[in-house]
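Breakdown of the fold
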Amino acid sequence: MNILLLTDNLLGVIGGTNDYVKNILKYIQNTDNNIVFIYPSTIDKSLHRTDNIIYYPIKIDSSLKYRDMLDIYMHIINTKLEQILSEYNIEIFHLLSGFLIIDKIDFNMLEKYNIKSFVTIHNIPPKECSKSWYGDNLFLFSFDQMRKVFINLRSYYILNKCRYTAFIVNSDYVAEILNKYRKKSIENTYIIKLGTNKQYHNNYCKYIQNNKIHILTVGGIVPHKNQLLIAKAGKLLKMRGINYEWKIIGPIRNYRYYNRVINYIKENNLDQNITLVTKADDLYIDQSYQSANIYVQPSKEEGFCIAALDAAMYGIPIIGTDVGEIANLVNMTNGILVKTNEEDIAKAVEKIIKRANINGDYKNALSREYSWQTNVNNLIRLYQNSLSETTDK
């Protein structure tokens, strides 16, 4: 097959969506298909080939506002689209990431060349778009709530405007949300989960007696990740005499929210218990997973949550909320599902501490469900089936 892949992601950016794009490229490279991959670049790069993938960079001006940058990016792509479809005999088009551009591709041109088109929906705005949080300045919180109402209406409009052959999501959670938005048949929604490149670590069954419990949370510092809730749960644990160290690792995505979390930690004398690490390399993050006894993901909104999957690969029991893929990972690691309140989280931590052995062996179950190679094979099969349906007709 001749496949055109498109993303709005700058390849150097850190994040779950970017990992998805990079791993699709990594594993589709091992298949008998010809790939053209279009991506934005802030520097001049020439078209180049690696194995069966042609990398097709589009130069963008990073000084522009993000939406303006995307508009120009898509204008350039649509201007070149017919040439690309014709020159490379494209049969499949797949937008790997970019909710803000899902309605910007020239569907008329795709249909003119009988291209089967796919889009991966990682989550649907206003999910993961909050700039404020409960307990913030009332005016800012109210304004943010109104802003999200308009974002929600826009999402509804563009999801019903798009003319993709199929919608791909990474979790049952997002599939359920997507199908609430769309007026048309939901039969063309497919769940293809993410994978992991981490090697499974059993950690030889950690025991908790009188030692300090090590808790870990990984994710950007933003309201929907609920790091403030971690600080509140940590306060309860300290009041109850629990000897713990809670490490939060993640880049600052919202400075106002970061400052609120830091101030709460200081106000409640939690500096010796809770640490925020906003810059960390892969080695440091891996070492933090290896030393953790419990992983906590108290997110209000997630599309999947690759950090929780990474925790599962280290054999760590997960405490998490019922969003994204977290509930499934909680069940697979003998963890505890909680609501988004500090009391629930604190009680869950205490419950896991009381277990004699807080680790298990989940390798087989995780390997079956979260294999990049298997899931990319499923994606290729979906492409093939769509072309077979056209032939049958």
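So, here is what we can say about the structure in this document. (Residues numbered from 1 in each chain as written. Predicted model: local features only at pLDDT ≥ 70, side-chain atom pairs only at ≥ 80, totals over all residues. Heavy atoms only, no water.)

Focus on the packing of helix 6 (residues 227-239) against helix 11 (residues 342-353)
Orientation of helix 6 relative to helix 11, taken along the N-to-C sense of each, is 55 degrees, at an axis distance of 8 Å. Of the possible angle classes, the one that applies to helix 6 and helix 11 is oblique. The hand of the helix 6/helix 11 crossing is right-handed. Only Glu 342, Glu 343, Ile 345, Ala 346, Val 349 and Glu 350 of helix 11 make contact with helix 6, whose side of the interface consists of Leu 229, Lys 232, Ala 233, Leu 236 and Leu 237. Classifying every residue of the contact of helix 6 with helix 11 by side-chain character gives seven nonpolar, no polar and four charged. (Axes fitted to C-alpha atoms, helices over the stretch in contact; angles between N-to-C directions. Helix = DSSP H or I, 4+ residues; strand = E, 2+ residues; numbered from the N terminus. Parallel < 35°, antiparallel > 145°, perpendicular 65-115°, else oblique. Left-handed = near helix turned anticlockwise from the far one by under 90°. Contact = heavy atoms within 4.5 Å. Nonpolar A, V, L, I, M, F, W, Y, C, P; charged D, E, K, R; others polar.)

Structural notes on the sheet that holds strand 9 (residues 213-218)
Strand order across the open sheet formed by six strands is 11-10-9-12-13-14, with parallel pairing between neighbours. On the outer flanks of this sheet lie strand 11 (274-277) and strand 14 (336-337), each paired with one strand and no other. With two bridges joining them, strand 13 (residues 318-320) and strand 14 adopt parallel strand pairing. Each bridged residue has a counterpart across the sheet, and for Gly 320 the counterpart in strand 14 is Leu 337. Contacts from helix 6 reach strand 9, strand 10 (244-249) and strand 11 within the one sheet, and its direction differs from that of strand 10 by about 175 degrees. Where helix 11 meets the sheet, its contacts fall on strand 9, strand 10, strand 12 (294-297), strand 13 and strand 14, and the angle it forms with strand 12 comes to roughly 165 degrees. (Pairing = 2+ DSSP bridges.)

Some words on the pairing of strand 10
In terms of burial, strand 10 is largely enclosed, as five of its six residues are buried. Once you follow strand 9 into helix 6 and on to strand 10, the crossover reads as right-handed. Pairing analysis gives four bridges linking strand 10 to strand 11, with the strands arranged parallel. Bridge pairing in strand 11 links Trp 246 to Ile 274. Handedness of the crossover joining strand 10 and strand 11 through helix 7 (residues 255-267): right-handed. (Buried < 20%, exposed > 50% of the residue type's maximum accessible area, 1.4 Å probe, protein only. Right-handed = clockwise from strand over helix to strand, strands pointing away.)

Here's the deal with the packing of helix 6 against helix 7
One way to put it is that helix 6 packs onto helix 7 with a least axis distance of 9 Å and a crossing angle of 5 degrees. What the angle tells us is that helix 6 and helix 7 run roughly parallel. Where helix 6 approaches helix 7, its residues Gln 227, Leu 228, Ala 231, Lys 232 and Lys 235 are matched on the opposing element by Tyr 257, Arg 260, Val 261, Tyr 264 and Ile 265. Taken together, the residues that form the contact of helix 6 with helix 7 break down as six nonpolar, one polar and three charged.

Examining the packing of aromatic side chains
Applying the stated criterion across every chain, the model contains 14 aromatic pairs. With a centroid separation of 5.9 Å and an interplanar angle of 75 degrees, the aromatic rings of Tyr 164 and Phe 167 are classed as edge-to-face. A relative accessible area of 5% places Tyr 164 in the buried class. Under the relative-accessibility criterion, Phe 167 is labelled buried at 1%. Among the aromatic residues, ring-to-ring pairing joins Phe 37, Tyr 39 and Tyr 55 into one connected group. (Phe/Tyr/Trp six-rings, centres within 6.5 Å; stacked < 30°, edge-to-face > 60°.)

Focus on the pairing of strand 5 (residues 92-97)
Counting buried positions along strand 5 yields six of six residues, so the element is predominantly enclosed. In this sheet, strand 5 lies alongside strand 1 (residues 2-7) in parallel orientation, the contact comprising five bridges. Its bridge partner lying in strand 5, Leu 5 is registered against His 94.

Digging into the sheet that holds strand 3 (residues 48-50)
The pairing of strands in a sheet happens through backbone hydrogen bonds and is either parallel or antiparallel. Taken together, eight strands build an open sheet; the order of strands is 3-4-2-1-5-6-7-8 and the sheet is mixed. Each edge of the sheet is formed by a strand with only one pairing partner; in this case those strands are strand 3 and strand 8 (189-191). The sheet shows a mean angle of 25 degrees between the axes of neighbouring strands, direction not considered. When strand 6 (residues 116-121) meets strand 7 (residues 166-169), the two strands line up parallel, connected through four bridges. Looking across to strand 7, one finds that Phe 118 is bridged to Ala 166. In the packing of helix 5 (residues 172-181) onto the sheet, contacts are made with strand 6, strand 7 and strand 8, and the angle to strand 8 comes to roughly 170 degrees.

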